[in-house]
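This is what each chain is made of:
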Amino acid sequence: MENEIRVRFAPSPTGYLHIGGARTAVYNWLFAKKHNGKFILRIEDTDTERSTEASTEGILDGLRWLGILWDEGPNLQSNNIEKHKKIALKLLSTGHAYKCFCTKEGLDARRELAKEEKRAYKYEKTCTNLTEDEIKEKESKGMPFVVRFKVPEGEGSVIFKDVVYGINEKKYEDIEDFVILRSDGSPLYLLSNAVDDINDRITHVIRGQDGLANTPRQILIYEALGITPPVFAHMPLTLDTKKEKISKRKHGEVVAVQFYREKGFIPWALVNFLVLLGWHTSDDREIFTREELIDAFTLEGVSKSNSIFNYKPGDPKFFTDPKALSINATYLRSMPVEELNVYLKPLFMNAGLWRDEYESVKKNWFNKTIDLIRSRYHTLNDFVNLGRAYFSDEFPVDEAASKKNILKHPHLKDIFPLLAERLGECPAWEISDIEATIRQFIEEKAENPGTVINGIRTVVSGQSVGPGLFELIEVIGKERVIERLKNTLVLYK
RNA sequence: GUCCCCGUCGUCUAGCCCGGUCCAGGACACCGGCCUUUCACGCCGAUAACACGGGUUCAAAUCCCGUCGGGGACGCCA
């Protein structure tokens, strides 16, 4: 147990779970699984202004849907505030921190001035060397103060090795004495985060690259406390096609995990896509089962450069990154049908298409039908939208298909009812008999086979595209096919 | 402005550490073909990249320097 690997995902609940965060969670989770460690979920909710409970729920929901389950938590950071304060006070007593009476207004003004003069601003350390008496005096006057961490002075630097980015060195002189306790006594992120990591006995901090610059300061905290820092591994960021950080404000729903659930993604397909955004094996594999991924995953395979989420707003063909869609489609057409049905059932129920017999007497038919149509689909939703005609008598007829395959050939309305009758006499409802019957009919009527075949497809399925006609007819069923052919006339209006 | 990081096809990336096997490999997308009286799947093929400039070397995507480009961090946010 001493050497147990412990990692955490620590989002702040200020919005839904977005794909960048989800990817970080996935990397942590994979690392834990790979090393038989623990994956801890911590909600960093100390920013009461922006944190919401709905957001916390959304994050938990998103992770559950993805199948990224945590071993401990969710721990709310807000429950640990007293511990954070206690540590700050300890730092104060050991001389690693000091009280600073500088006002926020004064600081802001100086920062602003520095910015105008295009100078780097760094806290002047005005309060570093206040004497006991000076401090007492200010306190007795009721002057508010913050607690600042005292960065070591002199030539030294903080050096650490990031698993992804390698050796990092930051000179003490480039680090400002940062605030760890607000004037109201509440702790700040740099402190809280490090203290929680200590309390949770985190061994590996796997987080976004935006945390890289925080690391030296956090290491200073560890050192001041006499605790060995965890291993750090920073992940490259995911940017949009304009190379900007992805965010809900700019990109809307496409960057929300929830969006993919609504659009009919298989959760694992999304995980598979996400994990490839910044990580790769040396061989050519890109599709992984859960076990394969856990086995293949290493932090060393994470790349240093930021990756771009290839989403183009308004693209008529792809509503998200084409690769994500492609991976989803790959799963859709290659996973065992029974497994696929687990995802399909709730969708069918929602669409009013579900029948309990799909799991009993019509189970074989249902599986066969799903298998027949799935190679054409990209999302789970396609089954209930594009595939509606297979499961219901109420289905839309594609306008273009109707125009091209039906309206252009007015005589079809006369011959299809005859064909319906002929099919009714079909000895066995099997592909070979169906095909023979139809071909003979075409020959008798001296029809163009293409016209008839495409016409039937449109009448029977509402679409101009789909499986081979005879398979289609077999699967849709005798009764329905005859009914639809007889009603061809209704399409001419 | 200061500090740090990154830079291979449109996108995700392999290769870079340990120079030659790389006139740079795979995947997605795009284009063409085969299959198919539809569409998709499948199969085959095509287009497409080492940011730029110097240097080191017999030889550089790989090593060094510089330039440019992109990103991140610089809060009493997390």
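Keep in mind it's a predicted model, so treat the numbers as computed, not measured.

1. Digging into the confidence of the model for chain A
Here is step 1: Per-chain confidence: chain A averages 93 in pLDDT, with 100% of residues scoring 70 or above.
Here is step 2: Reported confidence for the predicted complex is 0.95 by ipTM and 0.94 by pTM.

2. Description of the protein's contact with RNA strand B
Here is step 1: Around RNA strand B there are 65 residues in total, and Arg182, Glu286, Lys317, Ser375 and Pro449 lie nearest to it.
Here is step 2: Among the atoms of RNA strand B lying within 4 Å of the protein, the sugar-phosphate backbone contributes 72%.
Here is step 3: For RNA strand B, a base nitrogen lies 3.2 Å from a polar atom in the side chain of arginine 457.
Here is step 4: Elements supplying a minimum of two residues to the surface near RNA strand B: helix H4 (104–116), strand S7 (166–171), strand S12 (307–308), helix H12 (322–334) and helix H19 (449–461).
Here is step 5: Broken down by element, the surface near RNA strand B gets its largest block of residues, five residues, from H19.
Here is step 6: Residues of the surface near RNA strand B, tallied by class, amount to 19 nonpolar, 22 polar and 24 charged.

3. Things to note about helix H10 (residues 267–276)
Here is step 1: For H10, the buried fraction is high: 10 of the 10 residues fall into the buried class.
Here is step 2: On its buried side, H10 packs onto helix H1 (19–34), helix H2 (53–66), helix H9 (257–262), helix H11 (290–296), H12 and helix H13 (337–350).
Here is step 3: In the segment just after H10, glycine 278 is the residue with positive phi, at about 115°.

4. A closer look at the sheet that holds strand S3 (residues 72–76)
Here is step 1: With respect to topology, three strands assemble into an open sheet ordered S1-S2-S3, the strand pairing being parallel. The open sheet terminates on both sides in strands that have one partner only, identified here as strand S1 (6–9) and S3. Taken over all neighbouring pairs, the strand axes of this sheet differ in orientation by 25° on average, direction set aside.
Here is step 2: Strands in contact with H2 are S1, strand S2 (38–43) and S3; relative to S2, the strand with the most contacts, it is inclined by about 155°.

5. Quick notes on the nonpolar core
The nonpolar side chains of a soluble globular protein tend to be buried with one another.
Here is step 1: With 137 residues, the main nonpolar core has Trp279, Phe348, Phe391, Ile438 and Ile456 as its most contacted residues.
Here is step 2: Looking at this core element by element, the count peaks at nine residues for H1.
Here is step 3: Apart from the residues within four sequence positions on either side, isoleucine 438 is in contact with Leu419, Leu423, Ile456, Leu469, Phe470 and Ile473.
Here is step 4: Residues Cys100, Tyr123, Ile135 and Val146 belong to the second largest nonpolar core, which totals 12 residues.

6. Focus on the packing of helix H14 (residues 363–373) against helix H20 (residues 469–476)
Here is step 1: For the pair H14 and H20, interaxial distance at closest approach is 10 Å and the crossing angle is 150°. With respect to H20, the axis of H14 lies roughly antiparallel. H20 is crossed by H14, and the crossing has left-handed handedness. Contacts from Trp365, Lys368, Thr369 and Leu372 in H14 reach Glu471, Leu472, Glu474 and Val475 in H20.
Here is step 2: Among the residues forming the contact of H14 with H20, the class breakdown is four nonpolar, one polar and three charged.

7. As for the environment of alanine 54
Here is step 1: With respect to the helices and strands, alanine 54 occurs in helix H2.
Here is step 2: For the pair alanine 54 and arginine 201, spaced 147 residues apart in sequence, the C-alpha to C-alpha distance is 28 Å.

8. A word on the domain arrangement of chain A
Here is step 1: We note that the domain assignment places domain 1 (6–70 + 238–308), domain 2 (81–235), domain 3 (336–390) and domain 4 (399–492) within chain A.
Here is step 2: One C-alpha centre belongs to domain 2, the other to domain 3; they are set 57 Å apart.

9. So, the sheet that holds strand S4 (residues 97–100)
Here is step 1: Read from one edge of the open sheet, three strands run S4-S5-S8, paired in antiparallel fashion. With partners counted over all chains shown, the strands left at the sheet margins are S4 and strand S8 (179–181), one partner each. For this sheet, the mean angle separating the axes of adjacent strands, direction not counted, is 45°.
Here is step 2: Where S4 lies against strand S5 (residues 146–149), four bridges are found, and the strand directions are antiparallel. Bridge pairing links alanine 97 to phenylalanine 149 in S5.

10. Some remarks on helix H6 (residues 189–199)
Here is step 1: Burial analysis of H6 places eight of its 11 residues in the buried class, which makes it a mostly covered element.
Here is step 2: All of the buried residues along H6 are Leu190, Leu191, Ser192, Asn193, Ala194, Val195, Asp196 and Asp197.
Here is step 3: Against the buried residues of H6 lie S1, S2, helix H3 (81–93), S8, strand S9 (204–208) and helix H7 (215–225).
Here is step 4: One or two residues past the end of H6 sits arginine 201, with phi positive at roughly 55°.

How each quantity is defined
Starting afresh in each chain, residues are numbered from 1 along the sequence in its written order. Numbering of ligands from 1 and lettering of chains from A proceed in the order in which they are written. At least 70 in pLDDT is required for a residue's local features to be given in this predicted model, at least 80 for side-chain atom pairs to be given and counted, and no such filter applies to totals for whole chains, interfaces and linings, which use all residues. Side-chain descriptors were evaluated using all non-hydrogen atoms of the structure, hydrogens and water having been removed beforehand. For every residue, the predictor reports its confidence as pLDDT, a number between 0 and 100. Here a residue is near a molecule or strand as soon as one of its heavy atoms is found within 4 Å of it. Whenever a nitrogen or oxygen atom comes within 3.5 Å of another N or O atom, the pair is scored as a polar contact, on the condition that within protein one atom can donate a hydrogen and the other can accept it, and that pairs from neighbouring residues in sequence are kept only if both atoms are in side chains. Where helices and strands are cited, they refer to DSSP runs of H or I of at least four residues and of E of at least two residues respectively, numbered from the N terminus. For this scheme, ten residues count as nonpolar: Ala, Val, Leu, Ile, Met, Phe, Trp, Tyr, Cys and Pro. Four count as charged, namely Asp, Glu, Lys and Arg, and the remainder, Gly too, count as polar. Throughout, exposure labels follow a simple rule: accessible area from a 1.4 Å probe, protein chains only, divided by the maximum for the residue type, with under 20% read as buried, over 50% as exposed, and the rest as partly exposed. In what follows, a contact means two residues having at least one pair of non-hydrogen atoms within 4.5 Å. The pairing criterion is simple: DSSP has to find at least two bridges between the two strands. All axes are obtained by fitting lines to C-alpha atoms, using only the stretch in contact for helices, and the reported angles, taken between N-to-C directions, cover 0 to 180 degrees. The set of buried Ala, Val, Leu, Ile, Met, Phe, Trp, Tyr and Cys residues whose side-chain atoms join them within 4.5 Å is what this entry labels a nonpolar core. The scheme is simple: roughly parallel for angles under 35 degrees, roughly antiparallel for over 145, roughly perpendicular for 65 to 115, oblique for anything else. Crossing chirality is assigned from the near helix's rotation relative to the far helix, an anticlockwise turn below a right angle marking it left-handed and a clockwise turn marking it right-handed. Where a domain begins and ends is set by an automatic assignment or by a domain database.

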